[in-house]
Amino acid sequence: DVKVTQSSRYLVKRTGEKVFLECVQDMDHENMFWYRQDPGLGLRLIYFSYDVKMKEKGDIPEGYSVSREKKERFSLILESASTNQTSMYLCASSPPIWVGQPQHFGDGTRLSIL
Amino acid sequence: EDKVVQSPLSLVVHEGDTVTLNCSYEVTNFRSLLWYKQEKKAPTFLFMLTSSGIEKKSGRLSSILDKKELFSILNITATQTGDSAIYLCAVEASWDNNAGNMLTFGGGTRLMVKP
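Treat the numbers as computed from the prediction; the structure is a model and nothing was measured. (Residues numbered from 1 in each chain as written. Chains lettered and ligands numbered in written order. Predicted model: local features only at pLDDT ≥ 70, side-chain atom pairs only at ≥ 80, totals over all residues. Heavy atoms only, no water.)

All right, on to the pattern of salt bridges then. Residues and elements named next belong to chain A. Overall, the coordinates contain 8 salt bridges over all chains when judged by the stated rule. The partner of Lys18 in a salt bridge is Glu79, with the nearest N and O atoms 3.6 Å apart. Here Lys18 is found in the loop between strand S2 (10–13) and strand S3 (19–25), whereas its partner Glu79 is found in the loop between strand S8 (73–78) and strand S9 (87–94), with 61 residues between them in sequence. We classify Glu79 as partly exposed; its relative accessible area is 41%. Note that Lys53 is salt-bridged to Glu69, the shortest N-O span being 2.4 Å. One end of the pair, Lys53, is in the loop between strand S5 (42–49) and strand S6 (56–57); the other, Glu69, is in strand S7 (residues 64–70), with 16 residues separating them in the sequence. Neither Lys53 nor Glu69 differs from the other in exposure class; each is exposed. The network of salt bridges with common partners includes Asp28, Glu30 and Lys71. (Salt bridge = Lys/Arg side-chain N within 4 Å of Asp/Glu carboxyl O. Helix = DSSP H or I, 4+ residues; strand = E, 2+ residues; numbered from the N terminus. Buried < 20%, exposed > 50% of the residue type's maximum accessible area, 1.4 Å probe, protein only.)

Here we take up a positive patch on the surface. Together, A:Lys3, A:Arg9, A:Arg110 and B:Lys41 line one region of the surface with positive charge. For A:Arg9, the position within the fold is in the loop between strand S1 (4–6) and S2. (Patch = residues over 30% accessible without salt bridge, like charges linked within 9 Å, V, L, I, M, F, W, Y side chains within 5 Å. Areas by Shrake-Rupley, 256 points an atom, 1.4 Å probe, with all protein chains shown as cover. Lys, Arg positive; Asp, Glu negative; His and termini not counted. Charge placed at Lys NZ, Arg CZ, Asp CG, Glu CD.)

Counting across every chain of the model gives 10 aromatic pairs over all chains. Taking the centre distance of 6.0 Å and the plane angle of 20° together, the rings of A:Phe33 and A:Phe48 count as stacked. Residue A:Phe33 is found in strand S4 (residues 31–38), and its partner A:Phe48 is found in strand S5; the two are separated by 15 residues along the sequence. The class for A:Phe48 is buried, based on a relative accessible area of 1%. With 6.1 Å between their ring centres and 75° between their planes, A:Phe105 and B:Phe105 make a pair best called edge-to-face. Of this pair, A:Phe105 sits in strand S10 (residues 104–105) while B:Phe105 sits in strand S10 (residues 101–105), on two different chains. Across the pair, B:Phe105 and A:Phe105 agree in class, each one buried. (Phe/Tyr/Trp six-rings, centres within 6.5 Å; stacked < 30°, edge-to-face > 60°.)

All names here are of chain B. Read from one edge to the other, the open sheet built from 5 strands follows the order S1-S3-S8-S7-S6, with strand pairing classed as antiparallel. The sheet terminates laterally at strand S1 (3–7) and strand S6 (56–58), the two strands that pair on one side only. Pairwise comparison of adjacent strand axes, ignoring direction, gives a mean angle of 15° for this sheet. In this sheet, strand S3 (residues 19–26) lies alongside S1 in antiparallel orientation, the contact comprising 5 bridges. Within the sheet, the bridge partner assigned to Lys3 lies in S3 and is Glu26. (Pairing = 2+ DSSP bridges. Axes fitted to C-alpha atoms, helices over the stretch in contact; angles between N-to-C directions.)

All right, on to the state of the cysteines then. The term disulfide refers to a covalent linkage connecting the sulfur atoms of a pair of cysteines. Residues and elements named next belong to chain B. Scanning the entire structure with this criterion turns up 2 disulfides over all chains. Disulfide pairing places Cys23 opposite Cys89 at an S-S distance of 1.9 Å. When the S-S torsion is -65°, as for the bridge of Cys23 with Cys89, the disulfide is left-handed. Residue Cys23 is found in strand S3, and its partner Cys89 is found in strand S9 (residues 85–94); the two are separated by 66 residues along the sequence. (Disulfide = S-S within 2.5 Å.)

The analysis is restricted to geometry; functional conclusions fall outside its scope.
If you want it as structure tokens, here you go:
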């Protein structure tokens, strides 16, 4: 069974802090993704990575960066947290597209920026 | 710009009712359409649809895709209180002809099933 683990379920930080959200998957998946989920807006893609050290911007990358130094780990970084980044953050992983398997999600991190 | 629209936004039914959730899309480089169920935590995978007109079924849930009209429906028969959740529709598109795949999500349908 695929396991995607996010380091924290709940996190409270202050405006201007640098925030790290960590995600680890145990299925040797090539692709990893970071989304944020807001009421009425669904899930929106922030960044994704299709290989170690590779990253691509999603729909809403502003204010975020990512790091993928190892295949199993994908980190989301808020360089200088702002209140409009208060949200639920979801990490997902999947094999390459030709395998035809869905993305699997972690349980999410509910981040509050005060 | 890729777009996925779900309807209705929310739905309240009683146990035993049948519900139909809708998903329409406009996506470049379409690969598949996926349905997820989200309760309090991670979205859990329900169905992946790639071909038109072929129904996928799992217990009381079923789904079908129409690639000509660009929509999908998710049916739940004999609903139970445990079906209460947000149902998410997502469309998968291939990215730049490589192994990457991107999901564009709809806003979700919140289903509440009352006893």
